[in-house]
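# Coordinates in review
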Amino acid sequence: MVPRIRVGVVLLPQLRWAQARERWRAVEDMGFDSAWTYDHLAWRELADEPWFATIPTLTAAATVTSRIRLGTWVASPNYRHPVPFAKELMTLDDVSDGRLVVGIGAGGTGWDADVLSAPRPTPGQRVRRFDEFCELLDQLLTQPSTTRHGEWFSAVGARMVPGPVQRPRPPFVVAANGRRALQVAASRGDAWATTGTTDPKDGQEAWWRGVAEVTARFEQALVDAGRRPAEVDRYLDLDSAAVYSLSSREAFADAVGRAGELGFTDVVTHWPRDRGPYAGDVRVLEQVAADLG
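The next subject is the sheet that holds strand β7 (residues 172-175). An order of β1-β2-β3-β4-β7-β8-β9-β10 is seen for the eight strands of this closed barrel, with the pairing classed as parallel. Averaged over neighbouring strand pairs, the angle between their axes works out to 25 degrees when direction is ignored. Here strand β1 (residues 6-10) pairs with strand β2 (residues 34-37) via three bridges, running parallel. Looking at the pairing, G8 lines up with S34 of β2. Along the sheet face, helix α2 (residues 54-63) touches β2 and β3 (69-72) and points at about 175 degrees away from the line of β3.

We now examine the environment of D274. Take D274: it is sitting in the loop between β10 (266-270) and α9 (282-292). D274 sits in the exposed class, given a relative accessible area of 77%. Considering only alpha carbons, one finds D274 and V101, 173 residues apart in sequence, at a separation of 28 Å.

It is worth spelling out the nonpolar core at this point. Among the nonpolar cores identified, the biggest contains 89 residues, and W24, F32, W73, L137 and L236 are the most heavily contacted of them. It is helix α5 (residues 123-142) that contributes the most residues to this core, eight residues altogether. Contacts of W73, omitting those with residues within four sequence positions, involve V10, W36, T37, Y38, D39, A193, Y235, D237 and V268.

This paragraph deals with the environment of Q125. Inspection of the secondary structure puts Q125 in helix α5. Separated by 27 residues in the primary sequence, Q125 and W152 have C-alpha atoms spaced 9.3 Å apart. Within the local environment of Q125, its side chain forms a polar contact with the backbone nitrogen of T122, the two atoms lying 2.8 Å apart.

Here is what the cut-offs are and how they apply
- Residues numbered from 1 in each chain as written.
- Predicted model: local features only at pLDDT ≥ 70, side-chain atom pairs only at ≥ 80, totals over all residues.
- Heavy atoms only, no water.
- Pairing = 2+ DSSP bridges.
- Helix = DSSP H or I, 4+ residues; strand = E, 2+ residues; numbered from the N terminus.
- Axes fitted to C-alpha atoms, helices over the stretch in contact; angles between N-to-C directions.
- Contact = heavy atoms within 4.5 Å.
- Buried < 20%, exposed > 50% of the residue type's maximum accessible area, 1.4 Å probe, protein only.
- Core = buried A, V, L, I, M, F, W, Y, C linked by side-chain atoms within 4.5 Å.
- Polar contact = N/O pair within 3.5 Å; in protein donor to acceptor, adjacent residues only side chain to side chain.

What follows is the structure, given as structure tokens:
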């Protein structure tokens, strides 16, 4: 039996809803703790494949589930502005009856960064934008009216009525790996998420060493921010490693055990695909669900 760390499943938004709804229901029925979808307009080598929008997908998922937490893995400032995004999150939290978890990241440097034809920020600008995005999103979701003029985002009398179901707002899971982004996660996040810092091509053991190192840096960032490390939940994306976590029942159990030893409260895996990224067998997911039960 694997340790009872909370386990979430990411479902890529690639299927028409007539098919996808059964998968979202299945994740809940199998007993997992959370279900997520990517917040991209398109993604890497799947850019020319079907790909549906994040918030409508999660809203639909909220109507066919009743228990499981639902989240963005992860939203970013690459093509989002906090004002309309906060309104969407407030609505999603209402439809889901307070089951929303907001995963937030700084935004990658891939396709989403260029789709609006805006100049790419420098690394320093990207972190400042990330911090401002989190700060304004927090303000919008915790007060009925917000006015703020920032370097990257502004709001003038932005109304957020009646506000989220969860008070003071849905939890933020802030993804970060670099030093300055970790500072944002430590100061703005209710929880932290990481993909590790080592290229999976360097091998599984190197990836785990990188996870241990970034965990130590995050703990120090929490101390520097005046927070107690034990009070902040931690999410690990198991499938950023060299080995797909659902390649076998044993591989998953080993990954969850190692994550627990490093202090992670939550892990995230991906629904197996037929080919390409996260290619695997759904029967392994079912076996893992049985172990968690």
